[in-house]
Amino acid sequence: MKTSKRDININYLEHLRKDKRILQTDISKELGFSECAYGSKVNGALRFTTQDLMAIIDYLNLSNDEVLRLLDRKE
């Protein structure tokens, strides 16, 4: 199942990644993407799948509030 890129708050995802001091290369490797593929997903050229999001949530150890904000479900 694919998610719509408009359903993901990319700016918030990148804020979380940087706040946790995780490099793009590290998150890419952890998620099994090339750095270019992760960048393409962040830039909207490719979409994050539901599985991608589940892996991101797990890897970044996101709280329920952070997940809701990532999915643009909470202000």
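Since the structure is predicted, the reported quantities are computational estimates derived from the model, not experimental observations.

S.K.: I tried to follow the nonpolar core on my own but got confused; where do I start?
M.R.: Side chains of nonpolar character tend, in soluble globular proteins, to be buried together. In this structure, Leu13, Tyr38, Phe48, Ile56, Leu60 and Leu70 are the most contacted members of the largest nonpolar core, which totals 19 residues. Counting residues per element, the ones that place at least two in this core are helix 1 (10–19), helix 2 (24–31), helix 3 (35–42), helix 4 (50–59) and helix 5 (64–70). Broken down by element, the residue count for this core peaks at 4 residues, all from helix 1. Leu13 has contacts with Tyr38, Phe48, Ile56, Leu60 and Leu70, leaving out every residue within four places of it along the chain.

S.K.: Would you explain unusual backbone geometry in this entry?
M.R.: Where the residue is not glycine, phi is negative for most of them; where a peptide bond is considered, it is trans in most cases. Even without being glycine, Arg21 reaches a positive phi, approximately 60°. With respect to the helices, strands and loops of the structure, Arg21 is situated in the loop between helix 1 and helix 2. What makes Arg21 exposed here is its relative accessible area of 77%. Its identity as a non-glycine residue notwithstanding, Asn61 has a phi of 50°, on the positive side. Topologically, Asn61 is positioned in the loop between helix 4 and helix 5. Residue Asn61 is classed as exposed on the basis of its relative accessible area, which comes to 63%.

S.K.: Any chance you could explain the pattern of salt bridges here in plain terms?
M.R.: A side chain of one charge can pair with a side chain of the opposite charge if their charged atoms are brought near each other. A complete count under the given rule lists 2 salt bridges for this structure. Note that Arg17 is salt-bridged to Glu14, the shortest N-O span being 2.7 Å. Taken together, the residues Arg17 and Glu14, both in helix 1 and 3 residues apart, mark about one turn of the helix. Across the pair, exposure class does not vary: Arg17 and Glu14 are buried alike. Among the salt bridges present, the one from Asp52 reaches Lys41, with a minimum N-O distance of 2.7 Å. You can see Asp52 sitting in helix 4 and its partner Lys41 sitting in helix 3, a full 11 residues away along the chain. Accessibility classification places Asp52 together with Lys41 in one group, the buried group.

S.K.: Explain the packing of helix 2 against helix 4 to me, please; I cannot follow it from the model alone.
M.R.: Think of two packed helices as two axes; the pair is described by the angle between the axes and how far apart they sit. Where helix 2 meets helix 4, the axes come as close as 10 Å, and the angle between the chain directions of the two elements is 120°. Classified by the angle their axes make, helix 2 and helix 4 are oblique. Crossing hand, helix 2 versus helix 4: right-handed. Between helix 2, through Asp26, Ile27, Glu30 and Leu31, and helix 4, the contact on the second element is made entirely by Ala55, Ile56 and Tyr59.

Rules behind the numbers
Residues numbered from 1 in each chain as written. Predicted model: local features only at pLDDT ≥ 70, side-chain atom pairs only at ≥ 80, totals over all residues. Heavy atoms only, no water. Core = buried A, V, L, I, M, F, W, Y, C linked by side-chain atoms within 4.5 Å. Buried < 20%, exposed > 50% of the residue type's maximum accessible area, 1.4 Å probe, protein only. Helix = DSSP H or I, 4+ residues; strand = E, 2+ residues; numbered from the N terminus. Contact = heavy atoms within 4.5 Å. Salt bridge = Lys/Arg side-chain N within 4 Å of Asp/Glu carboxyl O. Axes fitted to C-alpha atoms, helices over the stretch in contact; angles between N-to-C directions. Parallel < 35°, antiparallel > 145°, perpendicular 65-115°, else oblique. Left-handed = near helix turned anticlockwise from the far one by under 90°.

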